[in-house]
Amino acid sequence: MVLESVKFAFIVYVIAAVIAFLVAGMIKIIFAIINRRNSKAKKEPSVPTKPGAQESVEV
Amino acid sequence: MPDINVLQLFQGIATLAASEPTIAISRIVLILLGILLVYCGVKQILEPLLMIPMGVGMASVNAAVLYLSANSMGTIFIDPLITDPAKLIDIMQINFLQPIYTLTFSNGLIACFVFMGVGVLCDIGYVLAAPYTSMFIAIMAEFGTIATFPIAIAMGLTAKEAASIAMVGCADGPMVLFTSLILARDLFVPISVVAYLYLSLTYGGYPFLIRYLIPKKLRGIKMDLKKIPRVKPGEKIAFSVITCTVLSLLFPVAAPLFMSFFLGVIIRDANIAPFRSFIEGPILYGSTFFLGLILGVLCEANTILNPKVFILLILGMTSLLLSGIGGIIGGYIMYFISKGEFNPVVGIAGVSCVPTTAKVAQKEVHAANLKAQVLPYAIGANISGVITSAIIAGVYITLLR
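Predicted model, so just to flag it, every value in this text is computed and none were measured.

### Quick look at the packing of aromatic side chains
All names here are of chain B.
(1) Moving on: Enumeration over the complete set of coordinates arrives at 13 aromatic pairs over all chains.
(2) Moving on: Judged by centre distance (5.6 Å) and plane angle (50°), the ring pair of Phe 115 and Phe 261 falls under tilted. Of this pair, Phe 115 sits in helix H7 (residues 109–121) while Phe 261 sits in helix H16 (residues 255–270), and the two are 146 residues apart along the sequence. For the pair formed by Phe 115 and Phe 261, the shared burial category is buried.
(3) Moving on: Residues Phe 239 and Phe 262 carry aromatic rings whose centres are separated by 6.3 Å and whose planes lie at 80° to one another, so their mutual orientation is edge-to-face. Highlighted residues: Phe 239 in helix H15 (residues 233–250) and Phe 262 in helix H16, separated in sequence by 23 residues. Grouping residues by exposure puts Phe 239 and Phe 262 together as buried.
(4) Moving on: Connected via pairs of aromatic rings, a cluster forms that spans Phe 115, Phe 239, Phe 261 and Phe 262.

Okay, structure coming up:
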């Protein structure tokens, strides 16, 4: 019974550790996506896409 | 005119005299313990927010036993053992704390409210700054939560009871309450009381553990705070929403805990001022007050007297001690991996008693080296501890329910 409970506790620990590192991995992925999007936005200059969509110039 | 009988007039004394010696002695001991808790709370030796209402409730309920009928004794505070719906409706109109107990305590709502408050207080950015390190330390600091389970089985508890008392090692009151309510309803009162009493002691006990296990030279290691990247609120919110959804998907039974915690985090980072002040103030302080009061009132001698209480006291202490040791071992492993740049004291903050263990870590580091700062890393490990504790609670409840 005690031996079985040691085995059970070990399995619980492994499951918890795997999920905890999965959460940590998720953090890295979210950061990578956000950083990639930000750096892409910085690289590309804002170009008017439609005719007439240019900023109005005050004279 | 009726005859005046002194014992009929002072029923608290009459029931004390008429009770079995064990119950009578227990009532007196619990009254004195309640007064001691109030004293320790007022003197700030133990957490005053919990200990003052708990102590007053404990002293009062054990003094206020009266004759409910010719043959039965009880109180007009709470009846935690009642299950029949018709009787429950009746008793809700008699026992003044019964509505709060039935509608907020026995369904875990109060634990979720406290967890929501913890979420609002936590800056999750410190976890996101060093996610793997924080999670590693937190999972090492769950050692007590895991190792106490087989010890409890060896001491004669059932698997559900063993898991509930082992959760004391995660040093998170609402989590212990939530788990024991689902897994060991008969023992949830003594387990929750043991948990909250011991959690109050972490502030006094863990510094000795740190000083005993970590030499002063290592305690004074200065950590580089410039390495910590800045995390934007949008990133924190994205992480919270995704993690909450994924964890709820994996463990639906612990979803109320995940949702409450991450909702608090999101409200903090979304900077919704009215909700934030509502959760930080009325919700958190109101829940803490009623949590302490109800736990104290539940410590009535007839309810709490259980042959397993002594075993629970030993196991609760073992669990917290092993978690502290596990956290420090995690700190040492990080110290060796980082080639001496990581302060092993941070390991104790993996035990998720937010923010007590993080403050203990910083205090001990500061005492060893006035220039050393570890608080951001300690808070990261601390908040990760909350997440890993909720995960372990989810695993235990799902597998043993």
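We are not done yet, so read on.
### Describing helix H12 (residues 173–183) of chain B
For an α-helix, the turn length of 3.6 residues means that residues three or four places apart are oriented alike.
(1) Moving on: Burial of H12(B) is extensive: ten of the eleven residues sit out of reach of the surface.
(2) Moving on: All of the buried residues along H12(B) are B:Gly173, B:Pro174, B:Met175, B:Val176, B:Leu177, B:Phe178, B:Thr179, B:Ser180, B:Leu181 and B:Leu183.

### Considerations on a nonpolar patch on the surface
(1) Moving on: A cluster of nonpolar side chains, A:Phe10, A:Ile11, A:Val14, A:Ile15, A:Val18 and B:Leu399, forms an exposed patch at the surface whose accessible area comes to about 530 Å².
(2) Moving on: Ranked by residue count, the leading element in the nonpolar patch is helix H1 (residues 2–43) of chain A, at five residues.
(3) Moving on: Looking at where A:Ile15 falls in the secondary structure, it is placed in helix H1.

### Remarks on the pattern of salt bridges
Residues and elements named next belong to chain B.
(1) Moving on: The tally for this structure, following the rule as stated, stands at five salt bridges over all chains.
(2) Moving on: Its salt-bridge partner being Glu 161, residue Lys 308 comes within 3.1 Å of it at the nearest N-O pair. Of this pair, Lys 308 sits in the loop between helix H18 (301–304) and helix H19 (309–337) while Glu 161 sits in helix H11 (residues 159–166), and the two are 147 residues apart along the sequence.
(3) Moving on: By relative accessible area, which is 25% here, Lys 308 ends up partly exposed.

### Concerning the side chain of B:Ser323
All names here are of chain B.
(1) Moving on: Of note, Ser 323 is situated in helix H19.
(2) Moving on: By relative accessible area, Ser 323 is classed as buried at 0%.
(3) Moving on: Residues contacting Ser 323, with those up to four places away along its chain left out, are Ala 141, Glu 142, Phe 143, Gly 144, Thr 145, Gly 169, Tyr 206 and Val 351.

### Considerations on the confidence of the model for chain A
(1) Moving on: Averaged over chain A, the pLDDT score is 77; the fraction of residues at 70 or greater is 73%.
(2) Moving on: Per-residue pLDDT stays below 50 along residues 54–59 of chain A; that stretch engages in one contact with residues further than four places along the chain or on separate chains.

### Things to note about the side chain of B:Glu161
(1) Moving on: Accessibility expressed as a relative area gives 12% for B:Glu161, which makes it buried.
(2) Moving on: Discounting residues that sit within four places of it in the chain, B:Glu161 has contacts with B:Ala184, B:Leu187, B:Ile191 and B:Lys308.

### Here we look at the interface of chain A and chain B
(1) Moving on: With 25 residues of chain A in contact, the opposing surface of chain B contributes 33 residues.
(2) Moving on: Summed over both partners, the interface of chain A with chain B comes to about 2600 Å²; 88% of that surface belongs to carbon and sulfur atoms.
(3) Moving on: For the pair chain A and chain B, the interface holds one residue pair in polar contact (both at pLDDT 80 or more).
(4) Moving on: Its residues placed into classes, the side of chain A that touches chain B shows 20 nonpolar, four polar and one charged.

### Looking at the domain arrangement of chain B
Residue and element names in this part refer to chain B.
(1) Moving on: If you check the domain split of chain B, you get domain 1 (1–75) and domain 2 (107–400).
(2) Moving on: Centre-to-centre separation of domain 1 and domain 2, based on C-alpha positions: 33 Å.
(3) Moving on: Counting residues at the interface gives 19 residues for domain 1 and 19 residues for domain 2.
(4) Moving on: Between domain 1 and domain 2 the total buried area reaches about 1600 Å² when both faces are included, carbon and sulfur atoms providing 81% of it.
(5) Moving on: Counting the surface domain 1 buries against domain 2, the share from its top three residues, Leu 50, Pro 53 and Met 54, is 32%.
(6) Moving on: Applying the counting rule to domain 1 against domain 2 returns zero salt bridges.
(7) Moving on: Summed over the shared surface of domain 1 and domain 2, the number is two residue pairs in polar contact (both at pLDDT 80 or more).
(8) Moving on: Contributing elements (two or more residues each) for the side of domain 1 that touches domain 2: helix H3 (21–42) and helix H4 (48–63).
(9) Moving on: Looking at the side of domain 1 that touches domain 2 element by element, the count peaks at nine residues for H4.
(10) Moving on: Broken down by class, the residue content of the side of domain 1 that touches domain 2 amounts to twelve nonpolar, five polar and two charged.

Cut-offs used in this document
Residues numbered from 1 in each chain as written. Chains lettered and ligands numbered in written order. Predicted model: local features only at pLDDT ≥ 70, side-chain atom pairs only at ≥ 80, totals over all residues. Heavy atoms only, no water. Phe/Tyr/Trp six-rings, centres within 6.5 Å; stacked < 30°, edge-to-face > 60°. Helix = DSSP H or I, 4+ residues; strand = E, 2+ residues; numbered from the N terminus. Buried < 20%, exposed > 50% of the residue type's maximum accessible area, 1.4 Å probe, protein only. Patch = residues over 30% accessible without salt bridge, like charges linked within 9 Å, V, L, I, M, F, W, Y side chains within 5 Å. Areas by Shrake-Rupley, 256 points an atom, 1.4 Å probe, with all protein chains shown as cover. Salt bridge = Lys/Arg side-chain N within 4 Å of Asp/Glu carboxyl O. Contact = heavy atoms within 4.5 Å. pLDDT = per-residue confidence, 0-100. Buried area = accessible area lost by both parts, 1.4 Å probe. Polar contact = N/O pair within 3.5 Å; in protein donor to acceptor, adjacent residues only side chain to side chain. Nonpolar A, V, L, I, M, F, W, Y, C, P; charged D, E, K, R; others polar. Domains from an automatic or database assignment.

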